[in-house]
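# Commentary on secondary and tertiary structure
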Amino acid sequence: MKQKQFLFTAAMCLTGVLGFTSCDDDNDNGALAPAATPTIVATTSNITEDMAIGDKLILSVEASTTDGGTLTYTWQESSDNGGSWKNIPQAISVEYTKTLTAEDLQGKMFRCDIWNVKEGYSAVSVKTEPFLLAVDEYTTGVYVLNSGKFGSNNSTLTFYDVNDGTVTPNYFRAQNGRQLGDTGQDMVVYGSKTYIAVYASNVIEVIDRNGVSLASIQPQDAGGQPQSPRYLTKAGGNVYVTLFDGHVAKIDTTTLAITAQVAVGRNPEQIAVSNNKLFVANSGGLGWNDPNLGYDKTVSVIDIATFSVVKTVQVVLNPTEVTTDAQGDVYVISMGDYGAIPNTMQRIDPNTYEVTTVGNATKMASAGDKIYVYYSQYDAFWNQVITFYEYDAVAETMGTTSFITDGTVVEQPCSLSVDPLTGDIYVGTSDYTNNGDMYVFSADGKLKNRFGVGLNPMGAYFLTNK
């Protein structure tokens, strides 16, 4: 999904004659220097509305004078709008080239000072009107939540800086001096805060933009028993979290307190928002070998305004994943019984609650008008077979070729995520024993990067400048 990443607003024209202000300095004898200011005749720039971090900004100015003086040029930049100016280390040049960083896209201003140096007189300067790189929302960094091994208290957070490509392992411990906890399950970024559900530790860690813990929320039932948080979503100033004891809790993002709970099905997993409602996949996973229970096979629909269940939708048994497309349709993956009933992807109409089978899938990630999926199965010789597909949410058809178009082989995938701003696809891998990798593909399916992460990456979660 391609989106414009910043807009160019200027107090000067990109092409044509520029206006300028001049100032005549006193000469050495106290007399005013002659009015012989340079004339700026043109300026050019390669600025477009869809430039991004890593693109090259090229600015050039042509100037002339008729008084015989020598012109020199100095580009200047301001780190913030209206802040102090600093010289760019590229003086006496009519062209300035710079590779854009995240800082440049955060309202940085640029200006060219042109100096006319004439023997016997002080320099006379002309300053072009500054122009501002004003920004829309863009991705600044990516968290990868690694669940670790159950019972080992070794969940970690990996931070990937998309600006310079650096990767920081165990980021939470580095910022807080302690471990994240046991079995990190899911995250959601909402405003200036990020919420991390750590299942076995029964905690929802809330961190700021620098990864520093602001609060540790421990959901408990009326009897004081831990409720084990699983998955999160956000809507209307609240964060919603599924609790494995059969509830969904609402967290106030200002007080960072649980303000309400509602009962849903057994062992709820993922949760998604559509049509002012929450859709909750009830897996019943803990009852898989109980002949009186078995797996659950329902999706609970919660009205956000009343925070009450208004519908229970029947799906294939053992639903675990839920997402939505740009049209508001809801998609569910049910894991089946790991035998006769295969992993099944279904679509739910958020208004009529009609359920339609889409195909087979193990993991999915929504990119608005398309949904990326992969399907993991075993052949007759117990060899794992992985297929990657792209579902067209507008045409409502499943593709037949891999969304990985450059031939890259990804073995043992365990997570799938999409950057909602760039459309980049993140595929995490794991053998459940050693640290995994994260593959980053562009929206057209070509490998952009691969970096190491922790044990059992659960997904990629995206930070922006806003």
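The rules behind the values
- Each chain carries its own residue numbering, running from 1 in the written order of its sequence.
- Thresholds applied to this predicted model are a pLDDT of at least 70 for local features of residues and 80 or more for the giving and counting of side-chain atom pairs; totals over whole chains, interfaces and linings are not thresholded and use all residues.
- Processing note: side-chain calculations cover all non-hydrogen atoms of the structure and skip hydrogens and water entirely.
- Note on conventions: DSSP H or I runs of at least 4 residues are helices, E runs of at least 2 residues are strands, and numbering of each starts at the N terminus.
- With a 1.4 Å probe rolled over the protein chains alone, any residue whose accessible area is under 20% of its type maximum counts as buried; one over 50% counts as exposed, and the rest are partly exposed.
- Note on contacts: a residue pair qualifies if any of its non-hydrogen atoms lie within 4.5 Å across the two residues.
- Strand pairing requires that DSSP identify at least two bridges connecting the strands.
- Any two of the Phe, Tyr and Trp rings considered here, Trp counted by its six-membered ring, make a pair once their centres fall within 6.5 Å; the pair's planes then place it as stacked at under 30 degrees, edge-to-face at over 60, or tilted in between.
- The rule is short: NZ of Lys or CZ of Arg within 6 Å of the ring centre and within 35 degrees of the ring normal puts a charge over the ring.
- You can read pLDDT as the predictor saying how much it trusts each residue, on a scale of 0 to 100.
- Here Asp and Glu are counted as negative and Lys and Arg as positive; His is not counted, and neither are the chain ends.
- A pairing counts as a salt bridge when a side-chain nitrogen of Lys or Arg comes within 4 Å of a carboxyl oxygen of Asp or Glu.
- By the criterion applied in these results, polar contacts are pairs of N or O atoms within 3.5 Å in which, for protein atoms, one can donate a hydrogen and the other can accept it, and in which residues neighboring in sequence qualify only through two side-chain atoms.
- As used here, the term nonpolar core means buried Ala, Val, Leu, Ile, Met, Phe, Trp, Tyr and Cys residues forming a set that is joined through side-chain atoms within 4.5 Å.

### Some remarks on the overall build of the protein chain
Within the protein chain, the secondary structure is distributed over 1 helix and 38 strands. Looking at the protein chain as a whole, 51% of its 466 residues are labelled buried. Within the protein chain, counting contacts between residues at least 6 apart in sequence, those at least 24 apart form 50% of the total.

### Structural notes on the sheet that holds strand 11 (residues 139–146)
The 4 strands are arranged 13-12-11-38 in an open sheet whose pairing can be described as antiparallel. The sheet is open, and its two edges are formed by strand 13 (167–168) and strand 38 (457–464), each paired on a single side. In this structure, strand 11 lies alongside strand 12 (residues 156–161), joined through 6 bridges in antiparallel fashion. Of the residues in strand 12, the one forming a bridge with asparagine 146 is threonine 156.

### Section: the packing of aromatic side chains
Applying the stated criterion across every chain yields a total of 13 aromatic pairs. Consider the rings of tyrosine 199 and phenylalanine 244, whose centres lie 5.6 Å apart with planes at 85°: the pair is edge-to-face. With a gap of 45 residues between them, tyrosine 199 in the loop between strand 15 (193–198) and strand 16 (203–207) and phenylalanine 244 in the loop between strand 19 (238–243) and strand 20 (247–252) connect regions that are remote in the sequence. Phenylalanine 244 shares its class with tyrosine 199; the two are buried. Site record: aromatic cluster; members linked through ring pairs are Tyr372, Tyr374, Phe388 and Phe403. Between the NZ or CZ atom of lysine 250 and the centre of the ring of phenylalanine 307, over which it lies, the distance is 5.1 Å.

### Points about the confidence of the model for the protein chain
The predicted coordinates should not be examined in detail at positions where pLDDT is low. Put simply, the protein chain has an average pLDDT of 84, and 74% of its residues get 70 or more. Confidence drops under pLDDT 50 across residues 1–35; counting only partners more than four residues distant or on other chains, this segment forms 91 contacts.

### Brief notes about the side chain of lysine 250
On the secondary structure map, lysine 250 appears in strand 20. Buried charge without a partner: lysine 250 forms no salt bridge, and the closest opposite charge is aspartate 252, 8.2 Å away. Setting aside its immediate chain neighbours within four residues, lysine 250 contacts Asn238, Val239, Tyr240, Ala257, Ile258, Thr259, Ala260 and Phe307.

### As for the side chain of aspartate 419
Along the polypeptide, aspartate 419 turns up in the loop between strand 34 (413–418) and strand 35 (425–429). Of the side chains with opposite charge, lysine 448 comes closest to the buried, unpaired aspartate 419, at an N-O distance of 7.8 Å. Separated by 2.9 Å, the side chain of aspartate 419 and the backbone nitrogen of leucine 421 make a polar contact. Aspartate 419 has contacts with Thr139, Asp424, Tyr426 and Phe462, leaving out every residue within four places of it along the chain.

### Re the sheet that holds strand 30 (residues 363–366)
Pairing within the open sheet is antiparallel, and its 4 strands lie in the order 30-31-32-33. The sheet terminates laterally at strand 30 and strand 33 (397–398), the two strands that pair on one side only.

### With respect to the nonpolar core
Counting 15 residues, the largest nonpolar core has Tyr143, Leu145, Leu157, Leu180, Met187, Ile196 and Ile207 as the members making the most contacts within it. Looking at this core, the elements with two or more residues in it are strand 11, strand 12, helix 1 (171–176), strand 14 (184–190), strand 15, strand 16 and strand 38.

### Section: the pattern of salt bridges
The final tally for this structure, using the stated rule, is 8 salt bridges. Note that arginine 230 is salt-bridged to glutamate 269, the shortest N-O span being 3.0 Å. Residue arginine 230 is located in strand 18 (residues 229–235), and its partner glutamate 269 is located in strand 22 (residues 268–274); the two are separated by 39 residues in the primary sequence. For the pair arginine 230 and glutamate 269, one class covers both residues: buried. Lysine 446 serves as the salt-bridge partner of aspartate 444, at 4.0 Å between the closest nitrogen and oxygen.

### Concerning the environment of glycine 336
Positionally, glycine 336 belongs in the loop between strand 27 (330–334) and strand 28 (344–348). The class for glycine 336 is buried, based on a relative accessible area of 0%. Apart from the residues lying within four places of it in its own chain, the contact partners of glycine 336 are Tyr295, Leu317, Asn318, Ile341 and Pro342.

### Considerations on the pairing of strand 16
The element strand 16 is largely enclosed, with a buried count of 5 among its 5 residues. Covered by surrounding structure in strand 16 are Val203, Glu205 and Ile207 together with Ile204 and Val206, the residues of both alternating faces. Where strand 15 folds back on strand 16, the antiparallel hairpin that results is connected by 4 residues, among which asparagine 202 adopts a positive phi of roughly 50°. What sits between strand 16 and strand 17 (residues 213–217) in their antiparallel hairpin is a turn of 5 residues, with glycine 211 showing a positive phi close to 80°.

### Description of the pairing of strand 14
Burial analysis of strand 14 places 6 of its 7 residues in the buried class, which makes it a mostly covered element. The pairing of strand 14 with strand 15 spans 6 bridges and is classified as antiparallel. Across the sheet, the residue bridging to tyrosine 190 is lysine 193, located in strand 15. The antiparallel hairpin formed by strand 14 and strand 15 contains 2 residues in its connecting segment, where glycine 191 sits at a positive phi of about 65°.

### Description of unusual backbone geometry
Notably, asparagine 202 is not glycine yet its phi reads approximately 50°, a positive angle. Within the element layout of this structure, asparagine 202 appears in the loop between strand 15 and strand 16. We note that asparagine 318 has phi near 70°; this positive angle belongs to a residue other than glycine. Among the residues examined, asparagine 318 registers a relative accessible area of 3% and is labelled buried.

### A closer look at the environment of alanine 305
With respect to the helices and strands, the residue alanine 305 is situated in the loop between strand 24 (298–303) and strand 25 (308–314). The exposed category is assigned to alanine 305, whose relative accessible area is 74%. As for alanine 305 and glycine 236, which are separated by 69 residues in sequence, their C-alpha atoms are 9.6 Å apart.

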